Amino acid sequence: GERGGKGKEKKLTKKEQMLADIAAKKNKGVTSKLDADWKELKGALATSSNYVAKIKDLDDFVRKCQQAGQSSLALEVRLRKLDECKGGWEEDRSARSDNMKFAIMAFECLRTILTAHADLVQGSTEAVAQQARLDVIETMVQFGFVDSALAMASGYLTDPKHKAKRKEMDEEVADICKSSRSKLSVACRSSPHFQLEHMGHLLPRPPPKTQDPRISSFTPDDWQISLLDAVDNRDSALVCAPTSSGKTFISHYCMDKVMADSRHKDGV
């Protein structure tokens, strides 16, 4: 390379350039088709009132976007899914239904948006990212979780170069808090409380780390090991954990331990 410089870029061979051109053309064709398919799908969604079917169609389309590496379009589709989930929840609330299905689906969609598109949502100035931030905050406010919404908003656009965009977002967030508070309330005091009460089976769990000789069928979580120790030590314990987290196994362990104690043949 040139002294003190970055050096010359390697020139592609005719074959490499041809392959690069073919790949670019193919990618452009896939993107154009996805855009056309998305436009067609949005038209179909507008004429349907079946929220379950619409959400399924959106999930299928997100997978196509992911396969094509179109992250921004996938985010746009997920935002539309969030709207459909909220529409289903609003309809159920109006009918005074106890079914929390759509509220749970909306919250699960929120979580996916915040994890799968974290870089876009937190700091990008793309139009879809700006819309995502406002949609996420608005949904949390509508559900009644204003404190969580404001906490999330404080972590967006923190780069000083986005100061103007941040100020604009803060003004919009203030308007959302005034106009949308609890419009789709899920009647829970906090976001964690809602997830524990209704979404235990959907919450991500860290993989267990330590085998325990008292359990042969699976590797227990740390809290389960602590409870096994409490049972062995004949200590008292209060367990508060979501459905499907493993409370029943501990109960059986406790009963087996008591029934096997020769000092208390009646199990008391």
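Everything numeric in this text was worked out from a predicted model, so none of it was measured.

Draft legend 1. Structural context of the pattern of salt bridges. Under the counting rule described, the total for this entry stands at 12 salt bridges. Measuring nitrogen to oxygen at the nearest pair gives 2.3 Å for the salt bridge that ties aspartate 60 to arginine 63. One end of the pair is aspartate 60 and the other is arginine 63, both in helix α2 (residues 51–67) and three residues apart, which spans about a single turn. Residue arginine 166 is joined to aspartate 170 by a salt bridge in which the shortest nitrogen-to-oxygen separation is 2.9 Å. Here arginine 166 pairs with aspartate 170, and both are found in helix α8 (residues 163–179), just four residues apart, close to one helical turn. Connected via shared salt-bridge partners are Asp212, Arg214, Asp229, Asp232 and Lys257.

Draft legend 2. Summary view of the nonpolar core. One finds Trp89, Phe107, Ile113, Phe143, Phe145, Val186 and Phe194 to be the most contacted residues of the largest nonpolar core, which totals 42 residues. Look past the residues within four positions of valine 186 in its chain and what remains in contact with it is Trp89, Met100, Ala103, Phe143, Phe145 and Phe194. Within the second largest apolar cluster, 11 residues are counted, among which are Trp38, Leu58, Cys65 and Leu73.

Draft legend 3. A look at a negative patch on the surface. A cluster of like negative charges, contributed by Glu168, Glu171, Glu172 and Asp175, occupies part of the molecular surface. The class for glutamate 168 is partly exposed, based on a relative accessible area of 40%.

Draft legend 4. Spatial organisation of helix α3 (residues 71–94). With 24 residues, α3 should cover 34 Å at 1.5 Å per step; its first-to-last C-alpha distance of 35 Å lies within 8% of that length. Within two residues after α3, arginine 96 carries a phi angle of roughly 55 degrees, on the positive side.

Draft legend 5. Region of the structure containing the packing of α2 against helix α4 (residues 101–116). One can describe the packing of α2 onto α4 by two numbers: an axis separation of 12 Å at closest approach and a directional angle of 20 degrees. With respect to α4, the axis of α2 lies roughly parallel. Crossing geometry of α2 relative to α4 is assigned as left-handed. Residues Tyr51, Val52 and Ile55 of α2 touch α4, and the partners they reach there are Lys101, Phe102 and Met105. Its residues placed into classes, the contact of α2 with α4 shows five nonpolar, no polar and one charged.

How each quantity is defined
Residues numbered from 1 in each chain as written. Predicted model: local features only at pLDDT ≥ 70, side-chain atom pairs only at ≥ 80, totals over all residues. Heavy atoms only, no water. Salt bridge = Lys/Arg side-chain N within 4 Å of Asp/Glu carboxyl O. Helix = DSSP H or I, 4+ residues; strand = E, 2+ residues; numbered from the N terminus. Core = buried A, V, L, I, M, F, W, Y, C linked by side-chain atoms within 4.5 Å. Buried < 20%, exposed > 50% of the residue type's maximum accessible area, 1.4 Å probe, protein only. Contact = heavy atoms within 4.5 Å. Patch = residues over 30% accessible without salt bridge, like charges linked within 9 Å, V, L, I, M, F, W, Y side chains within 5 Å. Areas by Shrake-Rupley, 256 points an atom, 1.4 Å probe, with all protein chains shown as cover. Lys, Arg positive; Asp, Glu negative; His and termini not counted. Charge placed at Lys NZ, Arg CZ, Asp CG, Glu CD. Expected span 1.5 Å × (residues − 1). Axes fitted to C-alpha atoms, helices over the stretch in contact; angles between N-to-C directions. Parallel < 35°, antiparallel > 145°, perpendicular 65-115°, else oblique. Left-handed = near helix turned anticlockwise from the far one by under 90°. Nonpolar A, V, L, I, M, F, W, Y, C, P; charged D, E, K, R; others polar.

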